[in-house]
Amino acid sequence: MATNDRLADPQHQADLLLYRLYRIHVTAGRLVVHLCESEFGITRREWRILSFLAEREGALSSQLAEHAMLDRARTSRTLTSLASKKLVVRQPRPSDRREVHVFLSDEGRRLYGEIYPRVAAINRELVSDLSSAQCVQLDAMVDALQAQASRMVTASPGTPLPRDGGE
């Protein structure tokens, strides 16, 4: 390990990988929050749920909570808000009414179709200074880091989920 390898041997908070990733998330995330709130009247949390549903129609609310890294109560409140905006529809399973599947409404699909290309454009702009090879490398590194983070959590039973996705 090189003595100036600040990732492997952080000396200050600004050297910590989690802090650096958080700063990117918060800084660039402001653009997504502004887009969602000012132009479309939804929160970032609502956007997370909406975008997950666009890819997994009929997901259970527990699956939504896990994917969005929200506790079940916050997920339920977010779904209630999205339902009141007529963006999602909840359908209890006939054999077990406690199990509720969630679907995008036609309006939810339309809204997703408007927002997603704009969020994808923010993503493209964020990585625009990287070469194609660097993007491929970064993607592989992010996957490796996620796998290691998952292994670390698995090795530490009882580690609770963040209350709101670490935000």
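The model shown is predicted, which means the values in this text are computed figures rather than measured ones.

### Quick notes on the sheet that holds strand β3 (residues 96-104)
Okay, step 1: If you walk across this open sheet you meet the three strands as β1-β3-β2, and the pairing is antiparallel. Across the chains shown, the open sheet's two edge strands, defined by having one partner strand only, are β1 (59-60) and β2 (88-93).
Okay, step 2: Of the strand pairs in this sheet, β2 and β3 are connected by six bridges, and their pairing is antiparallel. Paired with R93 across the two strands is D96, which belongs to β3.

### Let's talk about the pairing of β3
Okay, step 1: Both β1 and β3 contribute to a ladder of two bridges, which runs antiparallel. Residue pairing for β3: A59 is matched across the bridge by V102.

### Looking at the pattern of salt bridges
Okay, step 1: Applying the stated criterion across every chain yields a total of nine salt bridges.
Okay, step 2: Measuring nitrogen to oxygen at the nearest pair gives 2.9 Å for the salt bridge that ties E46 to K85. Taken together, the residues span a long stretch of sequence, with E46 in helix α2 (residues 44-55) and K85 in the loop between α4 (72-84) and β2 at a distance of 39 residues.
Okay, step 3: For E46, a relative accessible area of 3% puts it in the buried group.
Okay, step 4: Residue K85 is classed as partly exposed on the basis of its relative accessible area of 33%.

About the cut-offs
- Residues numbered from 1 in each chain as written.
- Predicted model: local features only at pLDDT ≥ 70, side-chain atom pairs only at ≥ 80, totals over all residues.
- Heavy atoms only, no water.
- Pairing = 2+ DSSP bridges.
- Helix = DSSP H or I, 4+ residues; strand = E, 2+ residues; numbered from the N terminus.
- Salt bridge = Lys/Arg side-chain N within 4 Å of Asp/Glu carboxyl O.
- Buried < 20%, exposed > 50% of the residue type's maximum accessible area, 1.4 Å probe, protein only.

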